[in-house]
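This is what each chain is made of:
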Amino acid sequence: MTRAVATIDRAALGHNLARVRAMAPGREIFAAVKADGYGHGAAVVAATLAEAGVDGFAVSSLDEALALRWAGIAAPIMTLSQPLDGPTLAAMGEHAISPVVFDAAHWAALADYRGPRLAAWCKLDSGMHRLGFPANEAGALATRFADLAAVDLVGWMTHLGCADDPTSPLTLHQLACFDNATAGLPGKRSIANSAGVIAWPDSHADRLRPGIMLYGSSPMTDRDAEALDLSPVMHLTAPLISRRDLPAGEPIGYGATWSTPEAMPVGVVGIGYGDGYPRHAPSGTPIRLGDAIVPLIGRVSMDMITVDLRTAPGAAIGDRATLWGRGLSADTVARAAGTIAYELFCQLTPRVQFDII
Ligand SMILES: Cc1ncc(COP(=O)(O)O)c(C=O)c1O
């Protein structure tokens, strides 16, 4: 009996890429595959999307970019949050990786750099106040880039802090700020994450940087993945490894946080926080077994969780429960567990077996 298995559905990735294209036709698409392809496996995700014609990839760091190159990915790659020093720029030049310049601390290394020409992006802070130069410095930054010996400024980018809220006034402010700051300056523009692709056409610009929607989850506060016609790429299952009938009033698991309200069947599923299932998921978090939802009861252990089998009294040892995926969206589970699907995906541990279909 195989323990936790994450099945990665390559066809679903292709479908979700087509959804990005349908929502923002004619734009460059740089798929965000940082954090090991949002926990799905960056190499397989990138190879699948490259085959489907994506234009390039966005990763966090040089290490993540190099891992893609070692995996045979030849498409353009940009690093979103890699600090830039001399050795980093040398490696980027050697492997044709595009740096994003986001801090004045990078200038010294950029000025000294003499390797193969680098296609750099400049990140502006339009109001999220995480990374980037103050947007009103764009003109001066353009002049500064023009003085660099071996670095070409190919584009301007910014990131939206509240695009998941379709009524966000901050997003309107950020779009206006970025537009004003870059008006008249040469170079491409890139603004949109998944929420931008879905809800903010004015953010589409030249290059999209979708992440979570490619994996089949909705970033939006007002629409779920099904409503957006996105297909889950990861299907996480684990087997029922034990079941028993308990009388009323019996406590379940560590801390005895839940007790049987009546005589009932209780099951144990072979997945826990040692596999990346969130320990903070409360009793009631949905788990699917066949056609039934068998809610989590009691605390999540390292290797096991306990489920309420009253809705699936015929469940047998070896039956596989779905933690998230087809029939139970990761967004629903994440909401119940007080987190986001991004974190659920990224937290899976090496103990989980990955099957690629
Ligand atoms: C700068 C930047 N662009 C794009 C993305 C992709 O975002 P999402 O997964 O919400 O589409 C991220 C993700 O955090 C990011 O940090």
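So, the overall build of the protein
So, step 1. Scanning the protein from terminus to terminus reveals 11 helices and 21 strands.
So, step 2. Based on the C-alpha atoms only, the size of the protein along its principal axes is roughly 75 × 40 × 35 Å.
So, step 3. The proportion of buried residues among the 357 residues of the protein is 53%.
So, step 4. Considering only intrachain contacts with a sequence separation of at least 6, the fraction spanning at least 24 residues in the protein is 64%.
So, step 5. For the protein, the computed accessible surface area is about 14,600 Å², with 54% contributed by carbon and sulfur atoms.
So, step 6. The protein carries 27 positive and 35 negative side-chain charges, and their two centres are separated by 1 Å.

With respect to the pattern of salt bridges
So, step 1. In the structure shown here, the tally under the stated rule is 12 salt bridges.
So, step 2. A salt bridge links arginine 207 to glutamate 28; the shortest N-O distance between them is 2.6 Å. On the criterion of sequence distance, the pair formed by arginine 207 in strand 11 (residues 207–208) and glutamate 28 in strand 2 (residues 28–32) is long-range, its members being 179 residues apart.
So, step 3. Across the salt bridge formed by glutamate 262 and arginine 310, the nearest N and O atoms sit 2.6 Å from each other. On the criterion of sequence distance, the pair formed by glutamate 262 in the loop between strand 14 (258–259) and strand 15 (264–269) and arginine 310 in the loop between strand 19 (305–308) and strand 20 (320–324) is long-range, its members being 48 residues apart.
So, step 4. Under the relative-accessibility criterion, glutamate 262 is labelled partly exposed at 39%.
So, step 5. A relative accessible area of 34% means that arginine 310 is categorised as partly exposed.
So, step 6. Among the charged side chains, a salt-bridge network with shared partners connects Arg3, Asp275, Asp303 and Arg351.

A look at the domain arrangement of the protein
So, step 1. Structurally, the protein comprises domain 1 (10–215) and domain 2 (234–356).
So, step 2. Its C-alpha centre places domain 1 at a distance of 37 Å from the equivalent point of domain 2.
So, step 3. Listed by partner, the interface residues are 8 residues for domain 1 and 6 residues for domain 2.
So, step 4. Contact between domain 1 and domain 2 buries roughly 710 Å² in total, counting both sides, with carbon and sulfur atoms accounting for 77%.
So, step 5. Counting the surface domain 1 buries against domain 2, the share from its top three residues, Tyr38, His40 and Ile212, is 59%.

A few points about the side chain of threonine 88
So, step 1. Assignment of secondary structure puts threonine 88 in helix 5 (residues 86–94).
So, step 2. Setting aside anything within four residues of it in sequence, one finds threonine 88 in contact with Leu62, Gln82 and Pro83.

What to know about the nonpolar core
So, step 1. Counting residues in hydrophobic clusters, the biggest one holds 106 residues, and the most contacted among them are Phe57, Leu124, Tyr277 and Trp324.
So, step 2. The leading source of residues in this core is helix 1 (residues 10–23), at 5 residues.
So, step 3. For this core, the domains that each give at least three residues are domain 1 (10–215) and domain 2 (234–356).
So, step 4. Dropping the residues within four chain positions of it, tyrosine 277 is found in contact with Ile271, Gly272, Thr285, Ile287, Leu296, Val300, Ile305, Leu323 and Trp324.
So, step 5. One finds Ala58, Leu80, Trp121 and Met157 within the second-largest nonpolar core, a separate group that totals 7 residues.

Considerations on a nonpolar patch on the surface
So, step 1. Residues Met1, Ile241, Met304 and Ile317 make up a contiguous nonpolar surface patch of roughly 400 Å² in combined accessible area.
So, step 2. Looking at the element boundaries, methionine 304 is found in the loop between strand 18 (296–297) and strand 19.

Some points on the site of the ligand
So, step 1. Surrounding the ligand, one finds 14 residues, the nearest of these being Tyr38, Ser194, Gly211, Ile212 and Tyr342.
So, step 2. Here an oxygen atom of the ligand and a side-chain polar atom of lysine 34 are 2.9 Å apart.
So, step 3. A distance of 3.0 Å separates a nitrogen atom of the ligand from a polar side-chain atom of arginine 209.
So, step 4. Starting from 390 Å² of accessible surface for the ligand in isolation, the protein chains cover 90%.
So, step 5. Counted by class, the shell around the ligand contains 6 nonpolar, 4 polar and 4 charged residues.

Observations concerning unusual backbone geometry
So, step 1. Even without being a glycine, histidine 129 presents a positive backbone phi close to 60°.
So, step 2. With respect to the helices and strands, histidine 129 occurs in the loop between strand 7 (118–125) and strand 8 (133–134).
So, step 3. With a phi angle near 55°, aspartate 229 is a residue other than glycine that sits in the positive phi range.
So, step 4. On the secondary structure map, aspartate 229 appears in the loop between strand 11 and strand 12 (234–246).

Digging into the state of the cysteines
So, step 1. Applying the stated criterion to the full structure yields 0 disulfides.
So, step 2. Distance from the sulfur of cysteine 162, which forms no disulfide, to the nearest cysteine sulfur (cysteine 177) is 14 Å.

Calculation rules
Residues numbered from 1 in each chain as written. Predicted model: local features only at pLDDT ≥ 70, side-chain atom pairs only at ≥ 80, totals over all residues. Heavy atoms only, no water. Helix = DSSP H or I, 4+ residues; strand = E, 2+ residues; numbered from the N terminus. Buried < 20%, exposed > 50% of the residue type's maximum accessible area, 1.4 Å probe, protein only. Contact = heavy atoms within 4.5 Å. Areas by Shrake-Rupley, 256 points an atom, 1.4 Å probe, with all protein chains shown as cover. Lys, Arg positive; Asp, Glu negative; His and termini not counted. Charge placed at Lys NZ, Arg CZ, Asp CG, Glu CD. Salt bridge = Lys/Arg side-chain N within 4 Å of Asp/Glu carboxyl O. Domains from an automatic or database assignment. Buried area = accessible area lost by both parts, 1.4 Å probe. Core = buried A, V, L, I, M, F, W, Y, C linked by side-chain atoms within 4.5 Å. Patch = residues over 30% accessible without salt bridge, like charges linked within 9 Å, V, L, I, M, F, W, Y side chains within 5 Å. Near = heavy atom within 4 Å. Polar contact = N/O pair within 3.5 Å; in protein donor to acceptor, adjacent residues only side chain to side chain. Nonpolar A, V, L, I, M, F, W, Y, C, P; charged D, E, K, R; others polar. Disulfide = S-S within 2.5 Å.

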